[in-house]
Amino acid sequence: MLVLLVLTLVCGLGVGLARGGTLGALARVHVLRPWLFAAVILVLAVGGLVPALHSPAWIVAAVLAALFAGMNNRLPGLGLLVTGIIANAAVITANGGQMPVSLWGADRAGVPIDDILASAFHSPAGDGTSLRLLSDIIPLPFPGVPAVVSIGDVAIAAALGLFGAVTPVRAWRTLQARRQGALTGAPPPGYGGADGLTGYDGHAGWDDPDDDPYTNDLFDGDPPDSDPVAAADGQVGQVGQVDRDGDDGDDEGGGGHAGRSVTTRRPGLAR
């Protein structure tokens, strides 16, 4: 299972980078309550070490994953992640805390039957198996690490692959739109095209309020004279701001009030 998860994540990231995404942009993606996702991993790890907690761990992980997905619904793949965890939790709970393994699948994958019989977390599937379709029935004959996985396992792996393939691209396009907005002195327009990625939808922006919401994405320190941004010095800080009188901040008397930022941080989008 671990090999499957790592393989799909690496392949997904490869697709995302090939589509123009960057790891730097991925690192800027804002995630709400990341400790919930860490708790999911921790709970499943405990359940994988203590047989008596195997079933309760999957149930708790399903609840935590659902909460995390609800708070970060812009992140791709979370729906698949929750579906996979719920499917595994259901079949493990229905079979007394053990995951049934198809003997047919074990034979095709090259998994020794003795390993299944000796496992504290698995049991051979039989006539009395509940929710057999959700049990370990899919053979994966990986060289050196053969395995039999469930539909839930495949959904979890697909979630990681989808996250790696889509998120770096979304994050990069978000940063590009913000930088373009800073250069033109206007909020970033809708973008993403037919892919339906991300865009300005009439809500506030994508980041925490700050004095210069776009400056850090453009340069470090003072721009050189040849930089086109230098010609519009002082305009970057006004992007996404309005004065307190409701004007555009360019009062004819020259005494414009300090603006207030209308940008907010949105989960799943680059900072």
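The rules we used
- Residues numbered from 1 in each chain as written.
- Predicted model: local features only at pLDDT ≥ 70, side-chain atom pairs only at ≥ 80, totals over all residues.
- Heavy atoms only, no water.
- Helix = DSSP H or I, 4+ residues; strand = E, 2+ residues; numbered from the N terminus.
- Buried < 20%, exposed > 50% of the residue type's maximum accessible area, 1.4 Å probe, protein only.
- Contact = heavy atoms within 4.5 Å.
- Areas by Shrake-Rupley, 256 points an atom, 1.4 Å probe, with all protein chains shown as cover.
- Core = buried A, V, L, I, M, F, W, Y, C linked by side-chain atoms within 4.5 Å.
- Patch = residues over 30% accessible without salt bridge, like charges linked within 9 Å, V, L, I, M, F, W, Y side chains within 5 Å.
- Salt bridge = Lys/Arg side-chain N within 4 Å of Asp/Glu carboxyl O.
- Axes fitted to C-alpha atoms, helices over the stretch in contact; angles between N-to-C directions.
- Parallel < 35°, antiparallel > 145°, perpendicular 65-115°, else oblique.
- Left-handed = near helix turned anticlockwise from the far one by under 90°.
- Polar contact = N/O pair within 3.5 Å; in protein donor to acceptor, adjacent residues only side chain to side chain.
- Expected span 1.5 Å × (residues − 1).
- Bend = angle between axes of the 7 residues up to and from the residue.
- pLDDT = per-residue confidence, 0-100.

**Brief notes about the overall build of the chain**
When its secondary structure is counted, the chain shows nine helices and six strands. Expressed as a percentage of the 271 residues in the chain, the buried residues total 40%. At a minimum sequence separation of 6, the contacts of the chain that also span at least 24 residues come to 67%. For the chain, the computed accessible surface area is about 14,100 Å², with 61% contributed by carbon and sulfur atoms.

**Describing the nonpolar core**
Core analysis: the biggest nonpolar cluster contains 33 residues, and Val40, Trp58, Leu64, Leu78, Leu81, Ile85 and Ile156 have the highest contact counts within it. Only α1 (2-18), α2 (23-27), α3 (34-49), α4 (54-71), α5 (78-94) and α8 (151-184) provide two or more residues apiece to this core. Residue contributions to this core peak at eight residues, all from α4. Excluding residues within four positions of it along the chain, Ile85 makes contact with Val40, Trp58, Ala61, Ala62, Ala65 and Ile156. Counting six residues, the second largest nonpolar core, distinct from the first, contains Val101, Ala106, Ala109 and Ile116.

**Considerations on a nonpolar patch on the surface**
Taken together, the side chains of Leu42, Val46, Leu49, Val50 and Leu53 define a hydrophobic patch exposed on the protein surface, amounting to about 450 Å² of accessible area. Among the structural elements, Val50 can be located in the loop between α3 and α4. A relative accessible area of 32% means that Val50 is categorised as partly exposed.

**Let's talk about the packing of α4 against α5**
Running from N to C, α4 and α5 point in directions that differ by 160°, and their axes come no closer than 9 Å. By the angle class used here, α4 and α5 are roughly antiparallel. The way α4 lies across α5 gives a crossing that is left-handed. In this structure, α4 contributes His54, Ser55, Trp58, Ile59, Ala61, Ala62, Ala65, Ala66, Phe68 and Ala69 to the contact, and α5 contributes Leu78, Val82, Ile85, Ile86, Asn88, Ala89, Ile92 and Thr93.

**Considering the side chain of Asn88**
With respect to the helices and strands, Asn88 occurs in helix α5. On the basis of relative accessibility, which here comes to 0%, the residue Asn88 falls in the buried class. Side-chain polar atoms of Asn88 contact the side chain of Ser150, separated by 2.8 Å.

**Some points on α8**
Its 34 residues give α8 an end-to-end C-alpha distance of 49 Å, which sits within 8% of 50 Å, the value for a rise of 1.5 Å per residue. Of all bends in α8, the biggest is about 30°, found at Val166, and the proline Pro168 comes one to four residues later.

**Remarks on the environment of Arg170**
Looking at the element boundaries, Arg170 is found in helix α8. Take Arg170: its relative accessible area is 17%, and that puts it in the buried class. When the C-alpha atoms of Arg170 and Leu26 are compared, they prove to be 8.6 Å apart, with 144 residues separating the residues in sequence.

**A look at the confidence of the model for the chain**
Scored by pLDDT, the chain has a mean of 76; 68% of the residues are at 70 or more. When pLDDT is averaged over each helix and strand of the chain, the minimum, 38, is found for helix α9 (residues 215-218) and the maximum, 96, for α5. Here residues 189-264 is modelled with pLDDT under 50, and outside its nearest four sequence neighbours on either side it reaches 110 contacts, counting other chains as well.

**Re the environment of Asn88**
Sequence separation between Asn88 and Trp58 is 30 residues, and the spatial gap between their C-alpha atoms is 7.2 Å. Excluding anything up to four places from it in sequence, Asn88 contacts Trp58, Met99, Ser150, Gly152, Asp153 and Ile156. At 2.9 Å, the side chain of Asn88 and the side chain of Asp153 are in polar contact.

**With respect to the pattern of salt bridges**
A complete count under the given rule lists one salt bridge for this structure. Put simply, Arg108 and Asp107 hold a salt bridge, and the shortest N to O gap is 2.9 Å. The exposure class assigned to Arg108 is partly exposed, which follows from its relative accessible area of 47%.

**Here's the deal with unusual backbone geometry**
Residue Arg33 is not a glycine yet carries a positive backbone phi of 50°. Relative to the assigned elements, Arg33 resides in the loop between α2 and α3. Positive phi, normally seen in glycine, also occurs at Leu131, with a value near 50°.

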